[in-house]
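So the chains spell out like this:
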Amino acid sequence: MSLIFFILMIGFRFLELKLVFDSHILPFQFDEVLTVGLLDDISWYFYFVGLLLILHGIVSFFSIKIAKWFSQLIFGIALVIQLALTFYFSRSLIPLGKDLYAYSTSDLILTVEASGQLNPTNLIFIGIFFVVLLFLLQTGIWIMRLSLRSYLYVTGISYLLLLVAVINPLVDLKSQDETKQNIKLNKSSFLAFQTFDYFMFTNEYYFDFYLRSTNEGLAVKKDYFDPSFPFAFKANYPDVLGPYFDSLEKAPDIVFVLIESMGKAYSGTDAYLGSFTPFLDSLEQHSLVWMNNVSSTGRTFGILPGIFSGLPFGEKGFLELYQDFPKHESLLSVLRENDYEVRYFIGADQNFDNQGSFLNYQKVDQLVDILGFDPKYEKAPSNTGFSWGYSDKELFRNGLEKLPLNSSKPQLRIFQTQTSHDPYLVPELPFYQSKLRSHLKDNLKLSDSQIGDYLAYEDVYMTLLYADDAVREFMEAYSKRPEFENTIFIFTGDHRLPDIPMSSRLDRFHVPLIIYSPLITRPSYFRGMTSHFEVTPSILAFLRDQAGLKMPEIATWQGQVLDTSRVFQSKLAMPLMRNKNQLLDYLDGEFFLSDGQLFTISDNLNIDPVTDNDLTNKLNGQFEDFKNKNNYMVQTRKLLPVQQIN
């Protein structure tokens, strides 16, 4: 049975590579990943079959027949899982790991339903496929009969090679190109070892952290004053935005537009895939634009706690602490305490990723989600009958209708889109099919062969054009409102989408950041590296100095201030969370530590590997220190001491 298992697993490797190379345009060839991928498959084969043989032997002491059935069943299940992981990866180019255990059952079901994979046809196919696998394994028993000595030789050689693989791995999978590295992985092996790490080490805590006594290289000097609250500090944030604005007569309204999956790779100036956001591009010319901005996480779960609070991640993202949030402040809560009204609009379910719990903790004045749309609006298109909710144009139209026409209080308004998300189904399909082809030919000036490469991701690029159109309609409508002239708009993406291959490990975090307002007097492009963590402290410092708002004396935001340097530099020190349960990346100045490998960062967030053991150890120490503080916060819920706004 193990020989049949081996043959099928090798066959699945070729199937995976065919699916990946048929579905994606990659900057490397089939043969560049085949050999290393097969070696990783063989390594996993030794681990898996070696363990199963031990279990098989134990069961066979009681019944040889039951042992055979047991092993046959395990082999069959393992092959079904391998096939499922193959199809998952061929779509997303991200292997499924411990992030699987970070989502609730209801969220997982919603995700699978939205992808269109949970349907009767697929379930029937899986059942038939499983029966066929059991038959093939049984066929191996019937036809592959060796002598006892031959079985012993095969077993002995296998365990010897397993020992070699443990002591000295057959292949080093690390690569600067994350997509290339992911393709080489055996997906079952990756999930198995991630599962082991999750269940074996998830509750280990080490509280030997220190309070950083120096702030070398950082833009803001923070005074960490209490070891029992290791994230709390006192600091005076400078106002870096004021010089670019006209003087304020009163506190301005602030509007955030959080655009799903809007990465810098395909939006704005220097977008290396070409820009698919012509309206946002035109807005840049009248805005403050940060060219080297990163999100704090590689998925949507981090956008709200990241951009509005600069919060640590917890174990699975801060929002997973929803049952007992540590005391914390946010841009929302601080502005509410300064007499702002806070309103939030989304076209999806507020409960997904527990975003509603976070917003309710901030005591927002108005929260409109999928249940708050008027009947005249239609849900987003669906191939399966299930939809995430309402498309972006409907989101903005519904939200604008529900805003008060006049308000005596300043406003903080947040709109979060969701159309540019898997399964990438755009309304007005014929119109956007035509618009995409016109954009590729007339705007991006691509050749016919290049257009063919882009059309491999037609559904994705159409949703980006649609999202940009939705923002254009929103801004045209908003410009007619009386409060427009005193409003500051902030546009950003939550992360870069993974379905189009990424250029580097940092690319997934590289997102646009645009601040637009009629109040801006000096539109500018900035190349100083910044992140979502810097948005809240910078906005609050601006409102403190320009509008007299009161700010908390003690803060926990991990951010510095938005860097207004015209040349590339980095004065950040921050962790990045790829997916839930995957805290593998750390930034410090112009260095990037990713899964133990060190890189230097340059303009446009390009990265290059570098070897410096002392620097690697230093960054590893800082990263581990953050993890210890983060774990301490999870266990004790000590984040922010009780204080008063001054």
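These numbers were taken from a predicted model, which means no experiment stands behind them.

### Observations regarding the side chain of Q558
Here Q558 is to be found in the loop between strand 13 (554-555) and strand 14 (573-576). By relative accessible area, which is 12% here, Q558 ends up buried. The residues touching Q558, leaving out its near neighbours within four places in the chain, are K222, F231, G310, L311, P312, F533, P575 and F626.

### Here's the deal with the packing of aromatic side chains
Considering all chains together, one arrives at 45 aromatic pairs under this definition. Here the aromatic rings of F5 and Y45 are separated by 6.4 Å at their centres, their planes lie at 20 degrees, and the arrangement is stacked. Of this pair, F5 sits in helix 1 (residues 2-23) while Y45 is found in helix 2 (residues 31-60), placing the two residues 40 residues apart along the sequence. Taken as a pair, F5 and Y45 share a single burial class, namely buried. Centre to centre, the rings of F489 and Y516 are 6.2 Å apart; their planes meet at 35 degrees, and the pair counts as tilted.

### Structural notes on the pattern of salt bridges
Counted under the stated rule, the structure contains 32 salt bridges. A salt bridge links E16 to R13, with the nearest nitrogen and oxygen atoms 3.7 Å apart. Within this pair, E16 and its partner R13 are both found in helix 1, separated by three residues, close to a single helical turn. Given the relative accessible area of 1%, E16 is considered buried. Relative accessible area serves as the criterion here: at 2%, R13 is assigned to the buried category. Taking the shortest distance from any N to any O, the salt bridge between E483 and R413 comes out at 2.8 Å.

### A short note on the nonpolar core
Counting 88 residues, the largest nonpolar core has L241, F245, F256, L506 and I515 as its most contacted members. Not counting the four nearest positions on each side in its chain, L506 is found in contact with M529, L576, L587, F592, I601, L605 and I607. With 52 residues, the next largest nonpolar core counts V368, Y390, F415 and V471 among its residues.

Cut-offs and rules
- One numbering rule holds for all chains: residues counted from 1, following each sequence as written.
- Note on the predicted model: pLDDT of at least 70 is required for a residue's local features to be given, and 80 or more for side-chain atom pairs to be given and counted; whole-chain, interface and lining totals, by contrast, use all residues.
- Values shown for side chains rest on all heavy atoms present in the structure; no hydrogens or waters enter the calculation.
- For the purposes of this entry, the term helix denotes a DSSP run of H or I that reaches at least four residues, the term strand denotes a run of E that reaches at least two, and both are numbered from the N terminus.
- Type-normalised accessible area, obtained with a 1.4 Å probe on protein chains alone, sets the label of each residue: buried when under 20%, exposed when over 50%, and partly exposed for intermediate values.
- We call two residues in contact whenever any of their non-hydrogen atoms come within 4.5 Å of each other.
- Classification of ring pairs uses Phe, Tyr and Trp, with its six-membered ring standing for Trp, and accepts pairs whose centres are within 6.5 Å; under 30 degrees between planes counts as stacked, over 60 as edge-to-face, and the remaining range as tilted.
- Salt bridges are defined by distance alone: a side-chain nitrogen of Lys or Arg within 4 Å of a carboxyl oxygen of Asp or Glu.
- The criterion is simple. A nonpolar core is a set of buried Ala, Val, Leu, Ile, Met, Phe, Trp, Tyr and Cys residues joined through side-chain atoms within 4.5 Å.

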